[in-house]
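What the coordinates show
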Amino acid sequence: MKGPSKFFLMVLFFNFPLHAQIILDTPTYIAVPHEYYKNDAMKEKFAIELYSKAFNFEFFNPSMAIDTYDDFYDRFKGDKSPVIHEYLAKSLLRKALLLSTIGHNNAAFSCFNKLILHLDKSESSNDQQYVALAFFYKATLLARMQKTQEALSEYDKFLSLNRSGQDDLKQERIIALLNKGILLKDNNQFQAALDTYDSLLQLFGKYNDPFIEEELAKCLYNKALLLEDMKQPEKAVIVYQTVIDRFQNADRNELQEIVVSSLFNQANTLKKINIFDKSIDDYDKIINKFKDTKSITIKEKVIFSFINKALLLNDMGKASEAILFLNKAIDLFSANNDKYMQEAIAKVLFDKGVILGKISKRNEAIFSYDAVITRFLSSIPTMEEDAAAAFFNKAILLAEDKRTQEAIKTYDEIYTRFKASKSPPVENIISGALFNKGIAYSMLHQREAALAAYDKLLSRYKDTDNPVIIQDVTSALFNKASLTNLLGHPDAAVDLYDKLINHFKDRSSPTIALIVAESFFNKAVILDHLEKSEEAATVFDALIVYLKDFPSSEMQQWGEKARLYRSKISL
């Protein structure tokens, strides 16, 4: 599971409280010029019929609906009738909402703005509700388009309208505050977001209305997530517990999902602050109460409670208990064919392999990794990273178990299966597989084969800027230089050490700096063996100068070695 979910950008697109009466059997209308209406009643009746016709078109012919709303506006935009005046506002709002739902965002904004301009100076509370709704939906559309600052501005305009009749827009006000808080959080305006959530809770926290209860739960949940981002885990736990206490007996699935998410996140947060027993208790509550749930969302939290509890037990030195717990999850959920549940089962098997490997049960760990590979590699494309990691960990265990040829075969399979991947984590695994393959061949004293593995790595990643792979490239080049020297090509080895030093000496990574230092040293030793004493002494001097920027004891040991070796060189 990538991280805690959040409840975002609630919308009431087709449920605003100023409904038109829908006339289901709308007669075909005839375009009648304004001056031929016999009286206001006939004109108003025709206006209502025309509006209703446009409204009904929305559900099966949006283009016709838009054209009909335009016709309505063109016919009646200057009319003084109060009834027609309101239907003009309704038609502009419905048209704007319809445009936004079919992706015509610019046209929707123009329509919202036309409505605001049409009614903004009106003192009618009814008109002002339409203006407020235009600001609300405009803000929500901007938020969907990820135009955060503009959305916040429109939400503020909506929230600032405190004219009479505003209670009719209570739902929109709650949603605006919730969405505004989320947008502020995503824009790293943490304190402003917290103030917004608190304002919502203060204004509406005592309501028992079902809709409001759900929005309050979402507000509290998002407030807890925000407190985690603000590095206040203890306060976050308090808010999560508030959600749990207030809504734990709710029978609506939406509220149950928020309660379970709060309980799950609370357990994770308690784990981070080392309150392990309470964290395990919370995972157990989820498992025991919801393991038979029909909700996929809740079921995912259940299986990840198994996983997180097992990992925590392993961290606490209870590996055997963790394995038993993961086995229980496999027994309970492996038959579930839901895609996300299958991914979760793959993670259970993967984590089981990791734990077994750490306690040296290599064959069992390999069996678990094979289960991930054979069960999920071809059936779930999104499992690519997990499958590649399973292959890689399996190969390492095979190498540790002295099954070197099998390890090499597995490294080859990684390259064959995943070489076309664009995923950075998978690229890291491919790089590591090629590097480890080179080491495996070296252990078998197959130096030419080892060089071929290193060359494939160096060729594939010669232009990489990935720091993980750069370290593999540096190590591969170093190993290639060493093997080249062992194969009796000292001049070529010196050239390779030179290439490494020149390319990587300015890197700040301590690991790479250590490889560079050893490359200086090895180059100088080879030159001395080739009876190029002056060149060797120059390289040792360059190494001593290079090491001045690295005060660590490990690096300074190379300085001591360089000074000692240099003192023995006869110039």
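Scroll up for the structure.
1. Observations concerning the pattern of salt bridges
Across all of its chains, the model carries 31 salt bridges by this definition. In this structure, D284 and K309 form a salt bridge, with 2.7 Å as the shortest nitrogen-oxygen distance. Taken together, the residues span a long stretch of sequence, with D284 in helix α12 (residues 276-290) and K309 in helix α13 (residues 296-315) at a distance of 25 residues. Connected through shared salt-bridge partners, R362, E400, D401, R403 and E406 make up one network.

2. Re the nonpolar core
Ranked by size, the top nonpolar core spans 111 residues in total, and within it I414 and Y546 carry the most contacts. In terms of residue count, helix α23 (residues 510-529) provides more of this core than any other element does, 11 residues in total. Setting aside residues up to four positions removed in sequence, Y546 forms contacts with K505, A513, V516, A517, F520 and M555. In this structure, A89, A134, A236 and A250 belong to the second largest nonpolar core, which totals 84 residues.

3. Some points on the environment of A151
Examined against the element boundaries, A151 turns out to sit in helix α6 (residues 148-160). A151 sits 273 residues away from P424 along the chain, and the two C-alpha atoms are 34 Å apart. In contact with A151, other than residues within four places in its own chain, are A139, L142, A143 and L183.

4. Regarding the side chain of D79
Along the chain, the position of D79 falls in the loop between α2 (62-76) and α3 (82-101). Assessed through its relative accessible area of 12%, D79 is described here as buried.

Cut-offs and rules
- Residues numbered from 1 in each chain as written.
- Predicted model: local features only at pLDDT ≥ 70, side-chain atom pairs only at ≥ 80, totals over all residues.
- Heavy atoms only, no water.
- Salt bridge = Lys/Arg side-chain N within 4 Å of Asp/Glu carboxyl O.
- Helix = DSSP H or I, 4+ residues; strand = E, 2+ residues; numbered from the N terminus.
- Core = buried A, V, L, I, M, F, W, Y, C linked by side-chain atoms within 4.5 Å.
- Buried < 20%, exposed > 50% of the residue type's maximum accessible area, 1.4 Å probe, protein only.
- Contact = heavy atoms within 4.5 Å.

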